[in-house]
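Listed here are the chains, written in short residue letters.
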Amino acid sequence: QVQLVESGGGLVQAGGSLRLSCAASGFTFSSYAMGWFRQAPGKEREFVASIVRSGGGTYYADSVKGRFTISRDNAKNTVFLEMSSLNSEDTAVYLCAAGRAASEMRAGSGIAFWGKGTLVTVSS
């Protein structure tokens, strides 16, 4: 049974930081690119960041570049999202995804599995 379980969300003040984690099980983690997406209230889901299978390459949405860092630990089947300098526009449910290629995930393509998400709320 495939599972992607996100954790680490919560309430944070503007300018603060959070670290999200996504624990994967039920599939060969190192064979998939991994990514983070987010969906704010009343808005469509959008790409945040993705990372290639080996962890040696990453992609970011322009809105988070320089503030967010995606990483993965293939030994622990976990992908992370370090978020800093948070602002109110970062408030959203953050979802973890496994896909065919990190580059394709930028367009929301090639997604094989989705997590259920973790809520991040940034207070101003």
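Look above for the structure.
These lines cover the structure that appears in this document, whether it is placed above or below. (Residues numbered from 1 in each chain as written. Predicted model: local features only at pLDDT ≥ 70, side-chain atom pairs only at ≥ 80, totals over all residues. Heavy atoms only, no water.)

## Points about the state of the cysteines
Next, step 1: For the coordinates displayed, the defined rule picks out 1 disulfide.
Next, step 2: Two residues, Cys-22 and Cys-96, share a disulfide whose sulfurs are 2.1 Å apart. Every disulfide takes its handedness from the sign of the S-S torsion; for Cys-22 and Cys-96 that torsion is -80°, giving left-handed. Here Cys-96 lies in strand E9 (residues 92–99) and Cys-22 lies in strand E3 (residues 18–25), a separation of 74 residues in the sequence. This pair shows no difference in class: Cys-22 is buried, exactly as Cys-96 is. (Disulfide = S-S within 2.5 Å. Helix = DSSP H or I, 4+ residues; strand = E, 2+ residues; numbered from the N terminus. Buried < 20%, exposed > 50% of the residue type's maximum accessible area, 1.4 Å probe, protein only.)

## Description of the side chain of Arg-67
Next, step 1: Summarising the element assignment, Arg-67 is placed in the loop between strand E6 (58–60) and strand E7 (68–73).
Next, step 2: Among the residues examined, Arg-67 registers a relative accessible area of 17% and is labelled buried.
Next, step 3: A polar side-chain atom of Arg-67 sits 2.9 Å from the main-chain carbonyl oxygen of Ser-63.
Next, step 4: At 3.0 Å, the side chain of Arg-67 forms a polar contact with the backbone oxygen of Ser-85.
Next, step 5: If we ignore the near neighbours within four places in the chain, the residues touching Arg-67 are Glu-82, Met-83, Ser-84, Ser-85, Leu-86, Asn-87 and Asp-90. (Polar contact = N/O pair within 3.5 Å; in protein donor to acceptor, adjacent residues only side chain to side chain. Contact = heavy atoms within 4.5 Å.)

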